Amino acid sequence: MNTFVKTITEHMKTQYLLHGKLTAKPGHREELADILIQAAQLVSTAKGCKLYAVSNDRDDATSVYITEIWDSKDDHDNSLKNEDVRALIMKAMPILDGQPTKGQELEILGGTGI
């Protein structure tokens, strides 16, 4: 493996990828998605944020998925201290169907665009 590819690969492995699913109470999926899209806009300029994607499954009327890539877990954790982000979390809590579960922390092995 050449030095450039090795350096890029090592950098990807130090990044933090979090993939999670939030379940809204029936009839609130679009509202939850809107809140998460607002969060994406807030963290788009946060230190270390590389990706914050919000998606849904057309066959699941209650779930919203979030995929995040950060330079480090610390950068992700620090983004949650932002007062505007915390306000959005509080706005989302009443429309969630149960407590959110911890997302999957995945190791980035490679790919395009990261």
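Described below are features of the structure shown in this document. (Residues numbered from 1 in each chain as written. Predicted model: local features only at pLDDT ≥ 70, side-chain atom pairs only at ≥ 80, totals over all residues. Heavy atoms only, no water.)

### What to know about the overall build of the protein chain
Summing up its helical and strand segments, the protein chain has 4 helices and 4 strands in all. Listing every helix and strand of the protein chain by position from the N terminus yields α-β-α-β-β-α-α-β. Within the protein chain, buried positions represent 33% of all 114 residues. (Helix = DSSP H or I, 4+ residues; strand = E, 2+ residues; numbered from the N terminus. Buried < 20%, exposed > 50% of the residue type's maximum accessible area, 1.4 Å probe, protein only.)

### What to know about helix H2 (residues 29-43)
With 15 residues, H2 ought to run about 21 Å at 1.5 Å a step, and its terminal C-alpha atoms sit 21 Å apart, in line with that. For H2, the full list of buried residues reads Arg 29, Leu 32, Ala 33, Ile 35, Leu 36, Ala 39, Ala 40 and Val 43. Looking straight down H2, one finds that the buried residues subtend no more than 160° of arc, so they occupy a single side. (Expected span 1.5 Å × (residues − 1). Arc of directions from axis to C-beta.)

### Things to note about the packing of H2 against helix H4 (residues 83-92)
To characterise two packed helices, one gives the angle between the axes of the helices and the distance between these axes. At a minimum axis distance of 10 Å, the contact between H2 and H4 shows a crossing angle of 170°. With respect to H4, the element H2 is oriented roughly antiparallel. In this structure, H2 uses Leu 32, Ile 35, Gln 38, Ala 39, Leu 42 and Val 43 to contact H4, whose residues at the interface are Asp 84, Val 85, Leu 88, Lys 91 and Ala 92. (Axes fitted to C-alpha atoms, helices over the stretch in contact; angles between N-to-C directions. Parallel < 35°, antiparallel > 145°, perpendicular 65-115°, else oblique. Contact = heavy atoms within 4.5 Å.)

### Details of the pattern of salt bridges
This model, assessed by the stated rule, comprises 5 salt bridges. One salt bridge in this structure joins Glu 30 and Arg 29, with 3.6 Å as the shortest N-O distance. The exposure class of Arg 29 is buried, given its relative accessible area of 13%. The residue Glu 105 makes a salt bridge to Lys 102 at a minimum N-O spacing of 3.0 Å. Here Glu 105 falls in the partly exposed class, since its relative accessible area comes to 41%. Take Lys 102: its relative accessible area is 60%, and that puts it in the exposed class. (Salt bridge = Lys/Arg side-chain N within 4 Å of Asp/Glu carboxyl O.)

### With respect to the sheet that holds strand E4 (residues 104-106)
Judged by pairing direction, the sheet is antiparallel, and its 4 strands sit side by side in the order E2-E3-E1-E4 without closing on themselves. Looking at strand neighbours, the two that pair on one side only are strand E2 (49-56) and E4, the edges of this open sheet. The sheet shows a mean angle of 15° between the axes of neighbouring strands, direction not considered. Packed on one face of the sheet, H2 meets strand E1 (16-23), E2 and strand E3 (63-70) and runs near 170° to E2. (Pairing = 2+ DSSP bridges.)

Keep in mind these numbers describe shape, not what the thing actually does.
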